[in-house]
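In case you want the letters, here they are:
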Amino acid sequence: MNEQAIVDRIISDAQKEAEAIIAEAERKAAETISQATSNAERVKKGVEAEVKQKTDGIFDGKAATARLDGAKILLGEKRGVIDEVYARALAGLNDLKEGDALYLADKLLSAYAEEGDEIVFAHGYRYQKGVAALHVVKEKGLKVSPAQADIDGGFILVGKNSDKDLSYGALLSLDREQNQADIASRIFIKG
């Protein structure tokens, strides 16, 4: 073989080898790109799932907070209604006609007054003379105080051993403690 043929053969073999190296490099590059794309897609899906989970958690938390705030507002409004019921009841007690007021005073004094207690009426109590004339006052030796108390209607009893708040406000407060749930269930019936 001549020299030129040997050179051509070397160049030809070198080109084939270069082409094989390039083909192998392109195949490895394609494989690397494919793996990187697959990994990137997997990471992207994982991040999307994590973001969705976190945003769902935030939305759920905000929704729960909104429900709680709504329930607080509703409860406040319901308490306002019950407050109004008791405010009207207090106004009604303070506006009792003489016969009803004396009947109530007689029942309260019969049940709670002890021998020798002193009756202290609320400012503006209209039926002091009528209460002082009740049979139970004489029977239990009750005294009527010239002083007046700063209470929500009615009277208090000042005794040797203890004082008793029989003011209309105290009576309604006790009633509220005992009956608020029942009153609320009657007022706020869900239908």
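Note that the coordinates shown come from a computational prediction; the quantities given were computed from them, not determined experimentally. (Residues numbered from 1 in each chain as written. Predicted model: local features only at pLDDT ≥ 70, side-chain atom pairs only at ≥ 80, totals over all residues. Heavy atoms only, no water.)

S.K.: Would you mind going over the nonpolar core in detail, with residue names and values included?
M.R.: Core analysis: the biggest nonpolar cluster contains 26 residues, and Leu109, Ile119, Tyr125, Val131 and Phe155 have the highest contact counts within it. Of all the secondary structure elements, the ones that give two or more residues to this core are helix H1 (3-94), helix H2 (98-112), strand E1 (118-122), helix H4 (135-139), strand E3 (154-158) and helix H5 (168-187). Broken down by element, the residue count for this core peaks at 5 residues, all from H2. Beyond its immediate chain neighbours, meaning those up to four positions away, Val131 contacts Leu102, Ala105, Leu109, Ile119, Phe121, Tyr125 and Val137. (Core = buried A, V, L, I, M, F, W, Y, C linked by side-chain atoms within 4.5 Å. Buried < 20%, exposed > 50% of the residue type's maximum accessible area, 1.4 Å probe, protein only. Helix = DSSP H or I, 4+ residues; strand = E, 2+ residues; numbered from the N terminus. Contact = heavy atoms within 4.5 Å.)

S.K.: For H1, give the residues involved together with the corresponding values.
M.R.: Owing to its 3.6 residues per turn, the α-helix aligns residues three or four sequence positions apart on the same side. With 92 residues, H1 extends 133 Å between its outermost C-alpha atoms, agreeing within 8% with the 136 Å of an ideal straight helix rising 1.5 Å per residue. Listed in full, the buried residues belonging to H1 are Ile82, Tyr86 and Leu90. Looking at the buried side of H1, the elements it contacts are H5. One side-chain oxygen at the N-terminal end of H1 lies 3.0 Å from the backbone nitrogen of Gln4; it belongs to Asn2. (Expected span 1.5 Å × (residues − 1). Polar contact = N/O pair within 3.5 Å; in protein donor to acceptor, adjacent residues only side chain to side chain.)

S.K.: Kindly report on the pattern of salt bridges, identifying the contributing residues and their values.
M.R.: Per the stated rule, a full pass over the model turns up 10 salt bridges. Among the salt bridges present, the one from Arg186 reaches Asp182, with a minimum N-O distance of 2.4 Å. Of this pair, Arg186 and Asp182 both sit in helix H5, 4 residues apart, which is roughly one turn of that helix. Residues joined in a network through salt bridges with shared partners are Glu24, Arg27 and Glu31. (Salt bridge = Lys/Arg side-chain N within 4 Å of Asp/Glu carboxyl O.)

S.K.: Outline H5, listing residues and values.
M.R.: Here H5 contains 20 residues, and its C-alpha end-to-end distance of 22 Å is more than 12% below the 28 Å for a straight helix at 1.5 Å per residue. In this structure, the buried residues of H5 make contact with H1, H2, E3 and strand E4 (163-167).

S.K.: How would you explain the pairing of E4 if you had to name every residue and give the values?
M.R.: Pairing of E3 with E4 involves 5 bridges; the strand directions are antiparallel. Note that in E4 the partner of Gly154 across the bridge is Ser167. Here E3 hands over to E4 after 4 residues, the two strands then running antiparallel side by side. (Pairing = 2+ DSSP bridges.)

S.K.: How would you sum up the environment of Gly76? Please name residues and give values.
M.R.: One can find Gly76 in helix H1. Measuring from C-alpha to C-alpha, the distance between Gly76 and Ile6 comes to 102 Å, with 70 residues separating the pair along the chain.

S.K.: Outline the side chain of Ser167, supporting the account with residue identities and numerical values.
M.R.: Considering the arrangement of structural elements, one finds Ser167 in strand E4. Non-local contacts of Ser167, meaning those with residues more than four positions away in its chain, are made with Ile151, Asp152, Gly153, Gly154 and Phe155.

S.K.: Give me the packing of H1 against H5: which residues, what numbers.
M.R.: Remark: H1 packs on H5, axes separated minimally by 10 Å, with the N-to-C direction vectors making an angle of 135 degrees. It follows from the interaxial angle that H1 and H5 lie oblique. The handedness of the crossing between H1 and H5 comes out as right-handed. Facing H1, whose interface residues are Arg79, Val81, Ile82, Asp83, Val85, Tyr86, Ala89, Leu90, Leu93 and Asn94, H5 presents Tyr168, Gly169, Leu172, Asp175, Arg176, Asn179, Gln180, Ile183, Ala184 and Ile187. The class makeup of the residues in the contact of H1 with H5 is 12 nonpolar, 4 polar and 4 charged. (Axes fitted to C-alpha atoms, helices over the stretch in contact; angles between N-to-C directions. Parallel < 35°, antiparallel > 145°, perpendicular 65-115°, else oblique. Left-handed = near helix turned anticlockwise from the far one by under 90°. Nonpolar A, V, L, I, M, F, W, Y, C, P; charged D, E, K, R; others polar.)

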